[in-house]
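Listed below are the residues making up each chain.
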Amino acid sequence: MRTAEEVMMRCKLILDQPDIVLLVDKSSSPTAAYDMVMDAIHNDETAKAARWLGVLRRDYPDQYTEITRNTLSHVQMNTAKKGERDERR
C-alpha cells in the first residue's frame, strides 16, 4: 500500500478543479471516479489523478477530508469558479 503522501502527490493535479473533485466525491470507488472523469472530460491524466483521489478517500479518509474540505465547501456554497454552469437557462 502506498503512503498517504505518495497518493496525495498523485492526485495534486486536480485539487484546484472543484468540478473534478466533486465527481470523485460522488463516485463509489477509485475506478468509478476514473470512469466518471474520463466520461466527462476525456483526459487520461486527469482521470488517473481522480482515481488517486478516490484511493486517498478509500484508504486515508482523514487526509482526503483535509485536502478536499475547502474545494468541496466552495462547490456546495456555489462559489466554485472552474467548470461552473448556469443551471437557470
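Residues numbered from 1 in each chain as written. Predicted model: local features only at pLDDT ≥ 70, side-chain atom pairs only at ≥ 80, totals over all residues. Heavy atoms only, no water.

Draft legend 1. Representation of the overall build of the protein chain within the structure. Counting secondary structure elements, the protein chain contains 5 helices and 0 strands. The order of helices and strands in the protein chain, counted from the N terminus, is α-α-α-α-α. Scored against the burial criterion, the 89 residues of the protein chain give a buried share of 35%. At a minimum sequence separation of 6, the contacts of the protein chain that also span at least 24 residues come to 64%. (Helix = DSSP H or I, 4+ residues; strand = E, 2+ residues; numbered from the N terminus. Buried < 20%, exposed > 50% of the residue type's maximum accessible area, 1.4 Å probe, protein only. Contact = heavy atoms within 4.5 Å.)

Draft legend 2. Structural detail: helix α2 (residues 18–26). Of all the residues in α2, the buried ones are Pro18, Ile20, Val21 and Val24. Taken down its axis, α2 places every buried residue within 160° of arc, on the same side. (Arc of directions from axis to C-beta.)

Draft legend 3. Just the nonpolar core, in detail. Ranked by internal contacts, the top residues of the largest apolar core, which has 19 residues, are Val7, Ile14, Val24, Ala50, Leu53 and Leu56. Of the residues forming this core, the biggest block, 7 residues, is contributed by helix α4 (residues 44–59). When near neighbours in sequence (up to four residues on either side) are disregarded, Val24 contacts Ile14, Ala33, Ala50, Leu53, Gly54 and Arg57. (Core = buried A, V, L, I, M, F, W, Y, C linked by side-chain atoms within 4.5 Å.)

Draft legend 4. Broad picture of the environment of Arg58. Note on placement: Arg58 falls in helix α4. C-alpha of Arg58 to C-alpha of Ser28: the two residues are 30 residues apart in sequence and 9.5 Å apart in space. Within the local environment of Arg58, its side chain forms a polar contact with the side chain of Asp59, the two groups lying 2.7 Å apart. (Polar contact = N/O pair within 3.5 Å; in protein donor to acceptor, adjacent residues only side chain to side chain.)

All we've got here are geometric facts, nothing functional implied.
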